[in-house]
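Remarks on the overall topology
Residue-level listing of the chains:
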There are 2 protein chains.
Amino acid sequence: MDENNIRDILIEKGLKITPQRVIVWDALMNLKDHPTADHIITEVRKENPNIAVGTIYKTLETFVEQRIIERVKTDKDTMRYEVVMDKHHHLYCAESGKIDDYYDSELDEMLKEYFKNKNIRNFKIEDYKLQITGKFINK
Amino acid sequence: MDENNIRDILIEKGLKITPQRVIVWDALMNLKDHPTADHIITEVRKENPNIAVGTIYKTLETFVEQRIIERVKTDKDTMRYEVVMDKHHHLYCAESGKIDDYYDSELDEMLKEYFKNKNIRNFKIEDYKLQITGKFINK
DNA sequence: ATTATTGCAAAGACTTTGCAACTCC
DNA sequence: GGAGTTGCAAAGTCTTTGCAATAAT
């Protein structure tokens, strides 16, 4: 897809451009959702069965360190990942384990205002995210 | 400590009162924070080295199912647990992995108002919790 | 040429499971 | 007495690691 993109990112971060990293990135692009490592491994190996599982884990770890992607908090599941993006919140379905992104700039604005004038004792706020739990309704 | 408490809870949930369950509960009471299974196992075994690890895991699972405790979302760590309590939010320290509770009724009220008039497409909201990331400051 | 990265397989951490023995109601 | 629980050890799942071989700058 937009392969230049990841190449630029890797250069910027001072990481070597390897086929493996590009392929893992492409898999992340294809898997829009919040894939587990296992989803990513399956996706990668569809086309490249030769890439080692350990390499994929190491690549994900590297991406997380470099803030190219983020781990997503889950409360039961195994770890999930997502590409770092615009500010958003998460919808969790307790039943299915599905996670969706939730964008709401009005909410963001409100929280920003709120925390501008609010200090938490002994804590320096860097970011916040709302985890909304509930159920997805059939469309 | 307040042992009647857990006995009542177990009765209410239709679970048998066993020494093991009471002991795990006591450990949870002693470990205020957001203990991992391993913390809990260590705490339990201090006094009762005879209780099986599998039993502790099973007990925690049962408590979660019965909504006596909750799993806490972590983004790297192993699973953590907490006793179900009043509405609160979480402060996460990325550096140390420490999690603290954050109570803020003003914030709760504001969010409640906000979501009263806000529908999310295809999603039925049941609860929400703010995860605030940042750093704990030395006191 | 130098240094980072990969593949592989083994080890590690954490959690679950199967089942006979045992407890609680 | 009977259903629900426990202990135990083995198996499972997910992830990390060590290191020689290999590839990127």
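**So, the pattern of salt bridges**
If you walk through the whole model with that rule in mind, you get 19 salt bridges over all chains. Across the salt bridge formed by Lys 118 of chain B and Asp 104 of chain A, the nearest N and O atoms sit 3.8 Å from each other. Of the two residues, Lys 118 of chain B sits in the loop between helix 5 (105–116) and strand 5 (123–136) while Asp 104 of chain A sits in the loop between strand 4 (99–102) and helix 5 (105–116), which places them in two different chains. The network of salt bridges with common partners includes Asp 104 and Glu 106 of chain A together with Lys 118 of chain B.

**Regarding unusual backbone geometry**
Located in the positive-phi region is Arg 67 of chain A, a residue other than glycine, with phi close to 60°. Locating Arg 67 of chain A in the fold gives a position in the loop between helix 4 (53–65) and strand 1 (69–72).

**Focus: the domain arrangement of chain A**
Residues and elements named next belong to chain A. The domain architecture assigned to chain A consists of domain 1 (6–82) and domain 2 (89–134). The C-alpha centroid of domain 2 is placed 25 Å from the C-alpha centroid of domain 1. On the domain 2 side, the residues contacting the nine residues of domain 1 number nine residues. Here domain 1 meets domain 2 over a buried area of about 560 Å², counting both sides, of which 42% is carbon and sulfur. Inspection of the region where domain 1 meets domain 2 yields one salt bridge. Put simply, Glu 82 and Lys 129 hold a salt bridge, and the shortest N to O gap is 3.5 Å. Inspection of the domain 1/domain 2 interface yields four residue pairs in polar contact (both at pLDDT 80 or more).

About the cut-offs
- Residues numbered from 1 in each chain as written.
- Chains lettered and ligands numbered in written order.
- Predicted model: local features only at pLDDT ≥ 70, side-chain atom pairs only at ≥ 80, totals over all residues.
- Heavy atoms only, no water.
- Salt bridge = Lys/Arg side-chain N within 4 Å of Asp/Glu carboxyl O.
- Helix = DSSP H or I, 4+ residues; strand = E, 2+ residues; numbered from the N terminus.
- Domains from an automatic or database assignment.
- Contact = heavy atoms within 4.5 Å.
- Buried area = accessible area lost by both parts, 1.4 Å probe.
- Polar contact = N/O pair within 3.5 Å; in protein donor to acceptor, adjacent residues only side chain to side chain.

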